[in-house]
Amino acid sequence: MNESVVLDKVIKTHGLVRAVDHVSLSIQSGEFFSILGPSGSGKTTILRLIAGLDRPDQGDIFIQQRVVTLDPPHERPVNMVFQHYALFPHLSVFENVAFGLQMKGERQANIQKAVSHMLALVRLQGKENRLPGQLSGGEQQRVALARALVNRPVVLLLDEPLAALDQQLRQEMQGELKRLQREVQATFICVTHQQDEALMLSDRIAVMHGGKLLQVGTPQEIYDHPVSSTVAQFIGLSNVLSGNIARCEGGLCRVEHGVLSPVMVTCFPHDSPQGAVTVMVRPERVHVSSDMSVNGYDNMLQAIVHHVAFSGNEVVYHVRLRDETIWMARVPIAEAQACPLAVGQPVYVHWWAHEGLVLPAHPAPC
Amino acid sequence: MLINRLATSSAFPVKLSLVSASLFLGLFFFLPLVLVFGVSLASRGMYGGITWIATWENYQRVLDPLVGVIFFRSLLFAGLTTVVCAVVAFPLAYCLARASRPWQLILLTLVMIPFWTNFLVRTYAWVLILRADGILNTLLIRLGFLEEPLPLLFTDVSVFVGLVYGYLPFMVLPLVVAIERISPQLEDAAFDLYASMGAMFRHVLLPLSTPGFLAGGVLVFIPSLGAFITPYLLGGGQKMMLGTLIQQEFLVARDWPFGSALSFGLMGTVLLLWFLLGRTSVGKDPS
């Protein structure tokens, strides 16, 4: 395998806080890799370590099989798109994009050509002489991308690249990012706290929390098989229920809860979870009805409709279980209209055993 | 813009404060200025008083080559003081601007502490440091670097040191404000784009600090151009500067009309320089 960036047991401490705690990671060449986590989870620090703007306390960083742990930023084939773009406000669009090449001492004619080419690639022709302050957010974003990519980096680092854009621009720029990556064929490492962004853009995702890596995998793997409830909560909303394994055989577990009726969940046949567990069900897998005798479902819990949220093509029911936890159920609009439910109405929550996931309550770090 | 918004909103208190401010400035700034201008057009009396006979003679004397030399020397000293203050102040201002909150407060206080002492006393302190049997000479002789004390006091150097010392905070404070407004991310971005430390400073920090340098430059240049305590005490009054000349005309020679004309000459020079600065690209707001 052709590894582009490798982190080997990297530790970085800011004051008393372990921003990055024993992180090992291997990112393939040409991959769109996202690091997903809440703010303060250490994901930006990882980017700064790869860029060389920070140095790790321990561990090593490799770029294209070469140790770069102590190399200064200008010796690394890496460029960064900063969170608020960090465009030089006193320099024109052209001068901003040309900055890196100028610092490298490129010939003026080459700079002219490379910058024009890059500005065409991000569709900013004709804005060469504007100052960053005269551009819209989306345009600034593209200047930042051009300024980094014009140096032909092996790895492009993006720190919350779309966070400052409004919803529509964000979707446009997502496509734009994928297109740019195909054209320049660099490894893109993107830090974000938006799970939908990470799911849509990435070849692989690393989920971080409190400076630790919780899980690394393809979007599908992480969505369908989260290793812990933290990951599950972060990748799409999830309904959770804590309980204890009562019995587990042949890939079917019975989980008991003090207040609620026991539930059945499937697990891998060779797994046999024990003790305290978390059961997780995605809101789109949950069915609600006022009718107790809906056929066939493996699980049924009593609840009361707490809140009804309409979102265009679906209705999200927030229901309160008997232990006061709130679950959500996403129901297609046609189905919801067929038998509408009102706030305060007693309902039954149903789901299949194989649609639930059983996770250890205290996961081992990966 | 702010004035506009204030004027359209609650009108009465704004008008009141505008009127009181105008009154204050008119009474304590504009009126004395008019008086001094009047005096500058009058004649000196036989025994030092003012005789109210209008004349241009005082302004003709301002154009005297001897006065010209003093003007030139003062401009040179003020210019040099400004440049040295800028060079010394920048690293200090940078540390201040980038320090964490508690440190920033401590350092700012340290910069401000000299203001709590009278300027005259602080200048006398330099006399104690610089004179032949002063602290610096004694120290250098004790350490064996010197046989004989260096003549430090009453030289151009001592005046210069005094001016830089006195006006340095006026350069530091505007620079701190300017540097604080430069995002540290811009420095990171420059490093990420292959800039060395020096290149980052030249292409990012320096141009973005221009407003600070301009404000600080004005605050240092103008008072050092008219300074008289420092040249008098540390220069021993040996080489005349504009400030000392004006002071002497008023207090020693008792030639108020000529002193007033000199003051207006000084003001005219400053305004001319200010106008010229505004016409260069440096004077334009980079943002």
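Fair warning: this is a prediction, and the values are worked out from it, not measured in the lab.

**Brief notes about the overall build of chain A**
In terms of regular secondary structure, chain A is built from nine helices and 20 strands. Seen through its C-alpha atoms, chain A measures out along the principal axes to roughly 75 × 45 × 35 Å. Within the span of chain A, comprising 366 residues, buried residues form 51% of the whole. Taking contacts inside chain A between residues at least 6 apart in sequence as the whole, the part at least 24 apart equals 66%. Accessible area for chain A stands at about 16,700 Å²; split by element, carbon and sulfur atoms hold 51% of it. Between the averaged position of the 30 positive side-chain charges in chain A and that of its 35 negative side-chain charges there is a distance of 7 Å.

**Description of the sheet that holds strand 17 (residues 314-321) of chain A**
Residue and element names in this part refer to chain A. If you trace the five strands from one edge of the open sheet to the other, you get 15-19-16-17-18, paired in antiparallel fashion. Of all strands in the sheet, those with a lone pairing partner are strand 15 (287-289) and strand 18 (326-332), marking the two edges. Geometrically, the sheet is characterised by an average inter-axis angle of 45 degrees between neighbouring strands, direction not taken into account. Examined bridge by bridge, strand 15 and strand 19 (residues 346-351) share three bridges and lie antiparallel to one another. From the neighbouring strand, histidine 287 faces strand 19, where its bridge partner is histidine 350.

**A look at the sheet that holds strand 13 (residues 263-266) of chain A**
All names here are of chain A. The five strands are arranged 13-12-11-14-20 in an open sheet whose pairing can be described as antiparallel. A single partner strand is all that each edge strand has here, and the edge strands are strand 13 and strand 20 (356-360). In this sheet, neighbouring strand axes are inclined to one another by 45 degrees on average, regardless of whether the strands run parallel or antiparallel. Summarising the sheet, strand 11 (residues 239-249) and strand 12 (residues 252-256) pair through five bridges and their orientation is antiparallel.

**Quick look at the side chain of A:Glu314**
Residues and elements named next belong to chain A. Note on placement: glutamate 314 falls in strand 17. Among the polar contacts made by the side chain of glutamate 314, one reaches the side chain of arginine 330 at a distance of 3.1 Å. Filtering out sequence-adjacent residues up to four positions away, glutamate 314 remains in contact with Ala309, Arg330, Val331, Pro332 and Ile333.

**Brief notes about the environment of A:Gln134**
With respect to the helices and strands, the residue A:Gln134 is situated in the loop between helix 3 (108-121) and helix 4 (137-149). As a C-alpha pair, A:Gln134 and A:Asp8 span 126 residues in sequence and 43 Å in three-dimensional space.

**Some remarks on the nonpolar core**
Ranked by size, the top nonpolar core spans 67 residues in total, and within it A:Leu7, A:Phe88, A:Leu157 and A:Ile189 carry the most contacts. Of all the elements, helix 8 (residues 156-180) of chain B adds the most residues to this core, at ten residues. With residues up to four places along the chain from it excluded, the contact list for A:Leu7 reads A:Val23, A:Ser24, A:Leu25, A:Ile46, A:Ile50, A:Asp60 and A:Ile61. By size, the runner-up hydrophobic cluster in this structure holds 36 residues, among which are A:Phe32, A:Leu135, A:Ala144 and A:Leu165.

**Quick word on the packing of helix 8 of chain B against helix 11 (residues 210-226) of chain B**
Residues and elements named next belong to chain B. For the pair helix 8 and helix 11, the least separation of the axes is 7 Å and the interaxial angle reads 160 degrees. Classified by the interaxial angle, the pair formed by helix 8 and helix 11 is roughly antiparallel. When the axes of helix 8 and helix 11 are compared, the crossing they make is right-handed. On the side of helix 8, the interface is formed by Leu163, Tyr167, Phe170, Met171, Pro174, Leu175 and Ala178, while helix 11 contributes Gly212, Phe213, Ala215, Gly216, Gly217, Leu219, Val220, Pro223 and Ser224.

**A word on the packing of helix 11 of chain B against helix 14 (residues 256-279) of chain B**
All names here are of chain B. The contact between helix 11 and helix 14 brings their axes to 11 Å, and the two run at 160 degrees. In terms of orientation, helix 11 and helix 14 fall into the roughly antiparallel class. As for how helix 11 packs across helix 14, the hand of that crossing is right-handed. Side by side, helix 11 and helix 14 meet where Leu214, Val218, Phe221, Ile222, Leu225 and Gly226 of the first sit next to Leu266, Val270, Leu273, Trp274 and Leu277 of the second.

**Details of the domain arrangement of chain A**
Residues and elements named next belong to chain A. As far as domains go, chain A holds domain 1 (3-227) and domain 2 (237-360). Domain 1 puts five residues into the contact, and the matching count from domain 2 is seven residues. Summed over both partners, the interface of domain 1 with domain 2 comes to about 480 Å²; 52% of that surface belongs to carbon and sulfur atoms. Considering only the surface of domain 1 that becomes buried against domain 2, Tyr223, His225 and Pro226 emerge as the three largest contributors, covering 74% of it. Where domain 1 meets domain 2, there are two residue pairs in polar contact (both at pLDDT 80 or more). Among the residues making up the side of domain 1 that touches domain 2, the classes are represented as three nonpolar, one polar and one charged.

**Regarding the pairing of strand 1 (residues 3-14) of chain A**
All names here are of chain A. As judged from the eight bridges shared by strand 1 and strand 2 (residues 17-28), these two strands associate in the antiparallel manner. The partner of leucine 7 across the bridge, within strand 2, is leucine 25. The antiparallel hairpin formed by strand 1 and strand 2 contains two residues in its connecting segment, where glycine 15 sits at a positive phi of about 60 degrees. The sheet contact formed by strand 1 and strand 4 (residues 58-63) spans five bridges and is antiparallel. Paired with valine 6 across the bridge in strand 4 is phenylalanine 62.

Here is what the cut-offs are and how they apply
Residues numbered from 1 in each chain as written. Chains lettered and ligands numbered in written order. Predicted model: local features only at pLDDT ≥ 70, side-chain atom pairs only at ≥ 80, totals over all residues. Heavy atoms only, no water. Helix = DSSP H or I, 4+ residues; strand = E, 2+ residues; numbered from the N terminus. Buried < 20%, exposed > 50% of the residue type's maximum accessible area, 1.4 Å probe, protein only. Contact = heavy atoms within 4.5 Å. Areas by Shrake-Rupley, 256 points an atom, 1.4 Å probe, with all protein chains shown as cover. Lys, Arg positive; Asp, Glu negative; His and termini not counted. Charge placed at Lys NZ, Arg CZ, Asp CG, Glu CD. Pairing = 2+ DSSP bridges. Axes fitted to C-alpha atoms, helices over the stretch in contact; angles between N-to-C directions. Polar contact = N/O pair within 3.5 Å; in protein donor to acceptor, adjacent residues only side chain to side chain. Core = buried A, V, L, I, M, F, W, Y, C linked by side-chain atoms within 4.5 Å. Parallel < 35°, antiparallel > 145°, perpendicular 65-115°, else oblique. Left-handed = near helix turned anticlockwise from the far one by under 90°. Domains from an automatic or database assignment. Buried area = accessible area lost by both parts, 1.4 Å probe. Nonpolar A, V, L, I, M, F, W, Y, C, P; charged D, E, K, R; others polar.

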